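# Residue-level structure breakdown
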Amino acid sequence: LDQNYPNPFNPMTNIRYDLAETANASLVVYNMLGQQIRTLVNASQDVGRYEVMWNGLDDSGQPVATGIYIYQLQAGNYSKTIKMAYIK
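Residues numbered from 1 in each chain as written. Predicted model: local features only at pLDDT ≥ 70, side-chain atom pairs only at ≥ 80, totals over all residues. Heavy atoms only, no water.

### Digging into unusual backbone geometry
Cis geometry is adopted by the peptide bond preceding P6, which originates at Y5 and carries an omega value of -10°. Locating P6 in the fold gives a position in the segment before β1 (13-19). Note that the residue after N10, namely P11, is joined by a cis bond; omega there is 5°. Within the secondary structure layout, P11 lies in the segment before β1. (Helix = DSSP H or I, 4+ residues; strand = E, 2+ residues; numbered from the N terminus.)

### Comments concerning the environment of D2
Residue position: D2 is located in the segment before β1. In sequence terms D2 and I82 are 80 residues apart; their C-alpha atoms lie 8.2 Å from each other. In contact with D2, other than residues within four places in its own chain, are I15, R16, R49, Y71 and I82. Looking at D2, its side chain comes within polar contact range of the side chain of R49, at 3.0 Å. (Contact = heavy atoms within 4.5 Å. Polar contact = N/O pair within 3.5 Å; in protein donor to acceptor, adjacent residues only side chain to side chain.)

What follows is the structure, encoded as structure tokens:
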């Protein structure tokens with residue numbers, strides 16, 4: 001899982017990650033309270049490099065507030081969390 005770019009971002013950011021084995025991958029954005037904001041990936045994926053764009057909207061299509069967010073990738077036994085900043 002790589003640091004998003006650009007960071008800070010407005011209105012969009014890209015998140016890249018690599019999978020070393022085929023796995024059920026989950027990439028989720030959370031606010032600093034730990035509340036789930038947006039599910040970007042929730043699927044079985046093959047080995048390879050992936051890139052996902054986030055447009056600053058939550059799961060209901062509403063824009064998020066300016067602030068610090070975290071995104072977490074879980075795939076098989078792998079889990080990593082990274083911070084990012086959204087600035088309006």
